[in-house]
Amino acid sequence: MEEVPKTTCTSWTAQQAAGNFSNNSTGRERRHPGNTTTGLVTPVVIGSGTNDPNNPIPHQTFKREQDQYVPIANVIRIMKRILPAHAKISDDAKETIQECVSEYISFITSVANEKCHQEHRKTITPEDILYSMEKLGFENYIEPLTLFLNKYREQDMERNSVLAEPFTRRAVRFVQPQQPAPIAPAPTMPTVHHQNYIYPSAINNYFGQTMGGNGECSSSSGAGPTNAEFNPYAQFK
Amino acid sequence: MKRAGTYSGILSGGISGRTGPHLLPLARIKKIMKKSSDDVKMISGEAPIVFSKACELLIEEITKRAWNITVQGKRRTICKEDVASAVITTDTFDFLVNLVLDSANSQDSPRP
């Protein structure tokens, strides 16, 4: 098999014009140091051709370096989601689509990267990606992607606002403990400076599993007693 | 990136899936993005997330088109040639043409 020249995706049109664009090779130069080949995947001779029982000529196949592709299991899952139940997919079709995905990512990224350079920015943003997609003919992806991104951002903001709330307000939402808990010293509890002091047993109740600083505090994010009603000293009178 | 741990939280599918499960691993997408050219410097945290959805759409579109070709040929197994035909007949997939033809040329047994 002839060796294909290794190129990166920096200039699609130039390489396409040169006619020797080979996109699978973007990752092959960065192989593990232990690999003694020049960068091509290791050839492995297999038995008869797997897809053509009428033509049992042995041919070489190559071990593919997997970390330049998205995992094939994920690809298969997405494909099967939209295919009817009786549909089957050949292994090389799966691999081809896997390669197409990597090529797509590289292609869009290179155009987005160029845009960033032109605008003297260092970070590729989702807007750059959407712009590149529109430029390259994927306008029909823009709307679902924008919806997806907005939904993600909303959820992200919601999550961040719960975590970033001052501890005082979080204490207000705390649900009263069910039984009067014995007052125990709290040497191991992290000190948090806040107005309403919550006793350690109450803290355990409040946080549920663990008291991690950035842990999820979703358990009591619902409505709770207001500041006027909350009296941390009620049980201790 | 808003805070440390945001990105890795997404990777591990943590924060109890509030961001929604991503079908493709974000770290891998980011790796592929970085490999696309040497001068890719920084990538926003949301960029791989957009790509995870975009790649899903791409896979779905290629699969649907390939399946149509499979069905036309009265078969039930999508083969590489169906994928190649789907790519060739779609204008927006021009950038993939070399890829599908390349793999078809290099791996097919020579026909008698």
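Note that this is a predicted model, so its numbers are computed, not measured. (Residues numbered from 1 in each chain as written. Chains lettered and ligands numbered in written order. Predicted model: local features only at pLDDT ≥ 70, side-chain atom pairs only at ≥ 80, totals over all residues. Heavy atoms only, no water.)

Student: Report on the confidence of the model for chain A, specifying residues and quantitative values.
Tutor: All names here are of chain A. For chain A, the mean per-residue pLDDT works out to 67, and 42% of the residues sit at or above 70. Per-residue pLDDT, averaged within each element of chain A, yields its smallest value for helix 1 (residues 12–18) (44) and its largest for strand 3 (residues 88–89) (96). In the model, residues 202–228 has pLDDT below 50 throughout and makes 33 contacts with residues more than four positions away in sequence or in other chains. (pLDDT = per-residue confidence, 0-100. Helix = DSSP H or I, 4+ residues; strand = E, 2+ residues; numbered from the N terminus. Contact = heavy atoms within 4.5 Å.)

Student: Break down the pattern of salt bridges for me, with residues and values.
Tutor: Evaluation of the coordinates by the stated rule reveals 15 salt bridges over all chains. For R121(A), the salt bridge goes to E119(A), with nearest N and O atoms at 2.7 Å. On the basis of relative accessibility, which here comes to 40%, the residue E119(A) falls in the partly exposed class. The salt bridge partner of R65(B) is E61(B), with a shortest N-O separation of 3.2 Å. In this pair, R65(B) and E61(B) both sit in helix 3 (residues 47–72), four residues apart, roughly one turn of the helix. Look at R65(B) and you get partly exposed, because its relative accessible area is 35%. Taking relative accessible area as the criterion, E61(B) reaches 14% and is therefore assigned buried. Taken together, the shared-partner salt bridges in this structure form one network comprising R81(A), K53(B), E56(B) and E60(B). (Salt bridge = Lys/Arg side-chain N within 4 Å of Asp/Glu carboxyl O. Buried < 20%, exposed > 50% of the residue type's maximum accessible area, 1.4 Å probe, protein only.)

Student: Can you break down the packing of aromatic side chains residue by residue, with the values?
Tutor: Tallying each qualifying case throughout the model produces seven aromatic pairs over all chains. Note on F138(A) and F95(B): the rings are 6.1 Å apart at their centroids and 75° apart in plane angle, and the pair reads as edge-to-face. Separated into two different chains, F138(A) in the loop between helix 4 (126–135) and helix 5 (139–164) and F95(B) in the loop between helix 4 (80–88) and helix 5 (97–107) make up a pair that spans both. We classify F138(A) as buried; its relative accessible area is 1%. (Phe/Tyr/Trp six-rings, centres within 6.5 Å; stacked < 30°, edge-to-face > 60°.)

Student: Give me unusual backbone geometry: which residues, what numbers.
Tutor: Peptide bonds are, in most cases, trans, and in most cases residues other than glycine have a negative phi. Notably, H120(A) is not glycine yet its phi reads approximately 55°, a positive angle. Mapped onto the secondary structure, H120(A) falls in the loop between helix 3 (91–118) and strand 4 (123–124). Even without glycine at this site, K74(B) takes up a positive phi of about 55°. Structurally, K74(B) is set in the loop between helix 3 and strand 2 (77–78).

Student: Provide a residue-level description of the confidence of the model for chain B, including the pertinent values.
Tutor: Residues with a pLDDT of 70 or more make up 71% of chain B, whose mean pLDDT is 82. For this predicted complex, the interface confidence reaches an ipTM of 0.79, while the overall pTM sits at 0.58.

Student: Provide a residue-level description of the packing of helix 2 (residues 72–82) of chain A against helix 3 of chain A, including the pertinent values.
Tutor: Residues and elements named next belong to chain A. Remark: helix 2 packs on helix 3, axes separated minimally by 10 Å, with the N-to-C direction vectors making an angle of 105°. It follows from the interaxial angle that helix 2 and helix 3 lie roughly perpendicular. Within the contact between the two elements, helix 2 uses I72, V75, I76 and M79 and helix 3 uses K94, E95, I97 and Q98. Classifying every residue of the contact of helix 2 with helix 3 by side-chain character gives five nonpolar, one polar and two charged. (Axes fitted to C-alpha atoms, helices over the stretch in contact; angles between N-to-C directions. Parallel < 35°, antiparallel > 145°, perpendicular 65-115°, else oblique. Nonpolar A, V, L, I, M, F, W, Y, C, P; charged D, E, K, R; others polar.)

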